[in-house]
Amino acid sequence: MKEIKNPLEMSVDRSNGNIEISIAKKYSNTEEAMYKSYMTHCAMNDKELVDTTDMDEKGTAKSCAMQYDKMRGMMNEIGKGGLTDKQKKLPPALQKAILKKMKEEGEASKSYAEEKDA
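### Things to note about the state of the cysteines
Logical step 1: For the structure shown, the criterion picks out one disulfide.
Logical step 2: Two residues share a disulfide in this structure: Cys42 and Cys64, whose sulfurs sit 2.1 Å from each other. Disulfide Cys42-Cys64: the torsion about the S-S bond is -85°, which places it as left-handed. In this pair, Cys42 is assigned in helix 1 (residues 29-44) and Cys64 in helix 2 (residues 57-75), connecting sequence segments 22 residues apart.

### So, the side chain of Thr60
Logical step 1: Positionally, Thr60 belongs in helix 2.
Logical step 2: If we skip the residues at most four places from it in the chain, Thr60 touches Ala43, Thr52 and Met55.

### Some thoughts on the confidence of the model for the protein
Logical step 1: Per-residue confidence for the protein averages 86 on the pLDDT scale, and 90% of its residues sit at or above 70.
Logical step 2: Helix 2 holds the highest mean pLDDT among the elements of the protein, 94, whereas helix 4 (residues 110-117) holds the lowest, 51.

### Overview of the packing of helix 1 against helix 3 (residues 92-104)
Logical step 1: Contact geometry for helix 1 and helix 3: axes closest at 8 Å, N-to-C directions at 175°. Here helix 1 is positioned roughly antiparallel relative to helix 3, judged by the angle of their axes. On helix 3, the residues that touch Thr30, Glu31, Met34, Ser37, Tyr38 and His41 of helix 1 are Ala93, Leu94, Ala97, Ile98, Lys101 and Glu104.
Logical step 2: Its residues placed into classes, the contact of helix 1 with helix 3 shows six nonpolar, three polar and three charged.

### Looking at the nonpolar core
As a rule of thumb, nonpolar side chains are buried together in soluble globular proteins.
Logical step 1: Core analysis: the largest hydrophobic core is formed by 21 residues, its most contacted members being Tyr38, Tyr68, Met71, Met75, Leu90 and Ile98.
Logical step 2: Put simply, the parts of the chain that give this core at least two residues each are helix 1, helix 2 and helix 3.
Logical step 3: Those residues within four positions of Tyr68 in sequence are excluded, and the remaining contacts are Tyr27, Glu31, Met34, Tyr35, Tyr38 and Met75.

### Observations concerning a nonpolar patch on the surface
Logical step 1: On the surface, a nonpolar cluster with roughly 660 Å² of combined accessible area is contributed by Leu8, Met10, Val12, Ile19, Ile21 and Ile23.
Logical step 2: Looking at the nonpolar patch, the elements with two or more residues in it are strand 1 (8-15) and strand 2 (18-25).
Logical step 3: Within the element layout of this structure, Met10 appears in strand 1.

### Describing the pattern of salt bridges
Logical step 1: Counting across every chain of the model gives five salt bridges.
Logical step 2: In this structure, Arg72 and Glu31 form a salt bridge, with 2.8 Å as the shortest nitrogen-oxygen distance. Linking Arg72 in helix 2 with Glu31 in helix 1, this pair joins segments that are 41 residues apart in sequence.
Logical step 3: With relative accessibility at 5%, the residue Glu31 sits in the buried group.

Basis of the calculations
- Residues numbered from 1 in each chain as written.
- Predicted model: local features only at pLDDT ≥ 70, side-chain atom pairs only at ≥ 80, totals over all residues.
- Heavy atoms only, no water.
- Disulfide = S-S within 2.5 Å.
- Helix = DSSP H or I, 4+ residues; strand = E, 2+ residues; numbered from the N terminus.
- Contact = heavy atoms within 4.5 Å.
- pLDDT = per-residue confidence, 0-100.
- Axes fitted to C-alpha atoms, helices over the stretch in contact; angles between N-to-C directions.
- Parallel < 35°, antiparallel > 145°, perpendicular 65-115°, else oblique.
- Nonpolar A, V, L, I, M, F, W, Y, C, P; charged D, E, K, R; others polar.
- Core = buried A, V, L, I, M, F, W, Y, C linked by side-chain atoms within 4.5 Å.
- Buried < 20%, exposed > 50% of the residue type's maximum accessible area, 1.4 Å probe, protein only.
- Patch = residues over 30% accessible without salt bridge, like charges linked within 9 Å, V, L, I, M, F, W, Y side chains within 5 Å.
- Areas by Shrake-Rupley, 256 points an atom, 1.4 Å probe, with all protein chains shown as cover.
- Salt bridge = Lys/Arg side-chain N within 4 Å of Asp/Glu carboxyl O.

Take a look at the structure:
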């Protein structure tokens, strides 16, 4: 599979007769790793997160990206020092990516994050 990149978002502001266009990455640097982990897992495991069985690479990427956007809120929830109950039901690779993000943002308790790293 090709390298997974952080998608770009564009916004256009048309105020006071001026046009201002800005282009930025959709996800922060800390969330980008979680997004890439999700997309990789989704593409490699056809029926686990979203059914991509009969899709080509482009269709799989679109379906996985749409499913990530649906699950994004849950994946960014902050549990008490670790994963929430919903996050604990995700595949281990995604749990690690979520904990890594929490750890980088200072949200995961050190002991919980180290326990999942093992």
